[in-house]
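One letter stands for each residue in the lines below.
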Amino acid sequence: MKTKLTLLLLAFIFLTSCSSSKDYFQPRVSYNDFVSHLDAGYVYTETDKDPLEKLTLQNNDCTIVSFDEDGNDFLAQPGHRPKKGRYMVFYEYLKYFLKEENNEIFKIGIAIRVIAKIQTNSNGVDLGSMSSLGEAYKNSQLTGAYTMSVVGIESQEISNLIPIFPLRINEDSQKIIEENVAKIKNLIYDEATVISPSKISKRSSSI
């Protein structure tokens, strides 16, 4: 019982206290970069005995992508309260280090990502946390579904925690996602988990 409460608390902190990235540290250039994880390149070398030792920084990111009638995508600013329409919201837990290459600074590490594909039915819906999505769903302000993925983290147990199909946004799916995120965060340190740090975000080094 105590372990379960701990997992739920960790998930709650991750998914309900998620704050938007700073303006200058855009996670990707566009929606298509989210799909490809920016860069699938493997940057960890076999000479590094424990890649987690390098991942000394960590934070939660929340990025909102809006779509216009033509399907063009835009990154919303922090604190954005959108008009009704189509959105994708990326809630991420990142563990990483910084590396400069070709006048760009990359976050290189691992990520746990929850993606919400949403159609809002009214203006001003708060998309900044999963808990706010649950409230908006109960008030019939939105419809949508969750998907879940990981970057640079692999094990059979973790694979079993990632839903095969999208989960419709409701109270039950929110609970499932929260519990699974907490379990994956614990499994990062399991001996059976393979850690393969990748480039997960970038910004210009001139800023």
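Before reading further, recall that the structure is shown in the block above.
Let me sum up the structure you'll find in this document. (Residues numbered from 1 in each chain as written. Predicted model: local features only at pLDDT ≥ 70, side-chain atom pairs only at ≥ 80, totals over all residues. Heavy atoms only, no water.)

Helices and strands together make up the secondary structure of the chain, namely five helices and nine strands. Split into buried and exposed, the 207 residues of the chain put 46% on the buried side. Long-range pairs, those at least 24 residues apart, make up 74% of the contacts in the chain with a sequence separation of at least 6. Working note: accessible area of the chain is about 11,200 Å², and carbon and sulfur atoms make up 50% of it. (Helix = DSSP H or I, 4+ residues; strand = E, 2+ residues; numbered from the N terminus. Buried < 20%, exposed > 50% of the residue type's maximum accessible area, 1.4 Å probe, protein only. Contact = heavy atoms within 4.5 Å. Areas by Shrake-Rupley, 256 points an atom, 1.4 Å probe, with all protein chains shown as cover.)

The subject of this paragraph is helix 5 (residues 171-187). Here helix 5 spans 25 Å end to end across 17 residues, near enough to the 24 Å set by a 1.5 Å rise per residue. For helix 5, the full list of buried residues reads Ser173, Gln174, Ile177, Glu178, Glu179, Asn180, Val181, Ala182, Ile184, Lys185 and Leu187. Put simply, Asn170 is the residue that caps the front of helix 5, since its side-chain oxygen is 3.0 Å from the backbone nitrogen of Asp172. (Expected span 1.5 Å × (residues − 1). Polar contact = N/O pair within 3.5 Å; in protein donor to acceptor, adjacent residues only side chain to side chain.)

For the rest of this paragraph, the subject is the side chain of Gln174. Mapping Gln174 onto the fold places it in helix 5. Note on Gln174: relative accessible area 12%, which makes it buried. When neighbours within four sequence positions are excluded, Gln174 is seen to be in contact with Met130, Ser131, Gly134 and Tyr146.

With that settled, consider the packing of aromatic side chains. A complete count under the given rule lists zero aromatic pairs for this structure. A cation sits over an aromatic face here: Lys185 above Tyr93, 4.3 Å from the ring centre. Above the ring of Phe106, the side-chain terminus of Lys199 is found at 4.5 Å from the ring centroid. (Phe/Tyr/Trp six-rings, centres within 6.5 Å; stacked < 30°, edge-to-face > 60°. Lys NZ or Arg CZ within 6 Å of the ring centre and 35° of its normal.)

Let us now look at the environment of Lys83. On the secondary structure map, Lys83 appears in the loop between strand 2 (73-75) and strand 3 (86-101). We classify Lys83 as exposed; its relative accessible area is 65%. Note: C-alpha distance between Lys83 and Asn121 (38 residues apart in sequence) is 8.8 Å. Once you skip the residues sitting within four places of it in the chain, Lys83 turns out to touch Thr120, Ser122 and Asn123.

Running from amino to carboxyl end, helix 3 (residues 130-138) crosses helix 5 at an angle of 170°, the nearest separation of the two axes being 10 Å. Relative to helix 5, the element helix 3 is oriented roughly antiparallel. For the pair helix 3 and helix 5, the sense of crossing is right-handed. Every residue of helix 5 that contacts helix 3 at Met130, Ser131, Gly134 and Lys138 is listed here: Glu171, Gln174 and Ile177. The residue makeup of the contact of helix 3 with helix 5, split by class, is two nonpolar, three polar and two charged. (Axes fitted to C-alpha atoms, helices over the stretch in contact; angles between N-to-C directions. Parallel < 35°, antiparallel > 145°, perpendicular 65-115°, else oblique. Left-handed = near helix turned anticlockwise from the far one by under 90°. Nonpolar A, V, L, I, M, F, W, Y, C, P; charged D, E, K, R; others polar.)

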